Amino acid sequence: VQLQASGGGLVQAGGSLRLSCAASGRTFSRYGMGWFRQAPGKEREFVAAINWVGGSTAYADSVKGRFTISRDNARNTVYLQMNSLKPEDTAVYYCAAGRYSDTYTSPYDYPYWGQGTLVTVSS
């Protein structure tokens, strides 16, 4: 499976961005999807996940109430809407395709990864 993330950029604190991740080469609609991020000098961390039909989601505490994950199975795309961005949200954001259909918060449950898109939030 191939994953292509896009939508990153530079935004001021308090602003919004929407990330997209287009999938190909696999039956996208059968699998859970996730977003992770990695800031400079830090480990990769879980951000959000969604199950195969979009009926179940999970979020890191640090982004709850500000970020929303969604998916469009007809377009083989998963989204991450990010609002009220903070400088500490600055990181490379990665989308990932899960091993099965549920929501997963561990990177070990995601065998497929996109290349990442950089989000920079200025103060």
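Located above this text is the structure these notes cover.
It should be emphasised that the depicted structure is a prediction, and the values quoted were computed from it without experimental measurement.

Procedures and definitions
Residues numbered from 1 in each chain as written. Predicted model: local features only at pLDDT ≥ 70, side-chain atom pairs only at ≥ 80, totals over all residues. Heavy atoms only, no water. Phe/Tyr/Trp six-rings, centres within 6.5 Å; stacked < 30°, edge-to-face > 60°. Helix = DSSP H or I, 4+ residues; strand = E, 2+ residues; numbered from the N terminus. Buried < 20%, exposed > 50% of the residue type's maximum accessible area, 1.4 Å probe, protein only. Salt bridge = Lys/Arg side-chain N within 4 Å of Asp/Glu carboxyl O. Core = buried A, V, L, I, M, F, W, Y, C linked by side-chain atoms within 4.5 Å. Disulfide = S-S within 2.5 Å.

**Digging into the packing of aromatic side chains**
The description of an aromatic ring pair rests on the distance of the ring centres and on the angle between the ring planes. Within the structure shown, the criterion is met by five aromatic pairs. Measuring from centroid to centroid gives 5.7 Å for Phe36 and Phe46, while their planes differ by 70 degrees, and the two rings are edge-to-face. Note that Phe36 is positioned in strand S4 (residues 33–38) and Phe46 in strand S5 (residues 45–50), a separation of ten residues in sequence. Its relative accessible area of 0% is what places Phe36 among the buried residues. Ring geometry for Phe36 against Tyr110: centres 5.3 Å apart, planes inclined by 75 degrees, an arrangement best described as edge-to-face. Taken together, the positions of Phe36 in strand S4 and Tyr110 in the loop between strand S9 (91–97) and strand S10 (112–113) put the pair 74 residues apart, joining distant regions of the chain.

**Describing the pattern of salt bridges**
Inspection of the entire model under this criterion finds five salt bridges. Two residues, Asp72 and Arg75, come together in a salt bridge whose shortest N-O distance is 3.3 Å. You can call Asp72 partly exposed: its relative accessible area is 24%. Residue classification places Arg75 among the exposed positions, given a relative accessible area of 60%.

**A word on the nonpolar core**
Taken as a class, soluble globular proteins show a tendency for nonpolar side chains to be buried jointly. Trp35, Leu80, Met82 and Tyr93 are the most contacted members of the largest nonpolar core, which has 35 residues in total. Breaking this core down by element, the ones donating at least two residues are strand S1 (2–6), strand S3 (17–24), S4, S5, strand S7 (67–72), strand S8 (77–82), S9 and strand S11 (117–122).

**Describing unusual backbone geometry**
Here Asn76, not a glycine, exhibits a phi torsion of approximately 55 degrees, which is positive. Structurally, Asn76 can be placed in the loop between S7 and S8. Asn76 gets classed as partly exposed once you look at its relative accessible area, which sits at 26%. Even without a glycine there, the phi angle at Ser84 is positive, about 50 degrees. The residue Ser84 is located in the loop between S8 and S9 in this model.

**Quick word on the state of the cysteines**
A full pass over the atoms with the stated rule returns one disulfide. Sulfur-sulfur distance for the disulfide between Cys21 and Cys95 comes to 2.0 Å. An S-S torsion of about 55 degrees defines the bridge between Cys21 and Cys95 as right-handed. Separated by 74 residues along the polypeptide, Cys21 in strand S3 and Cys95 in strand S9 bring together distant segments of the chain.

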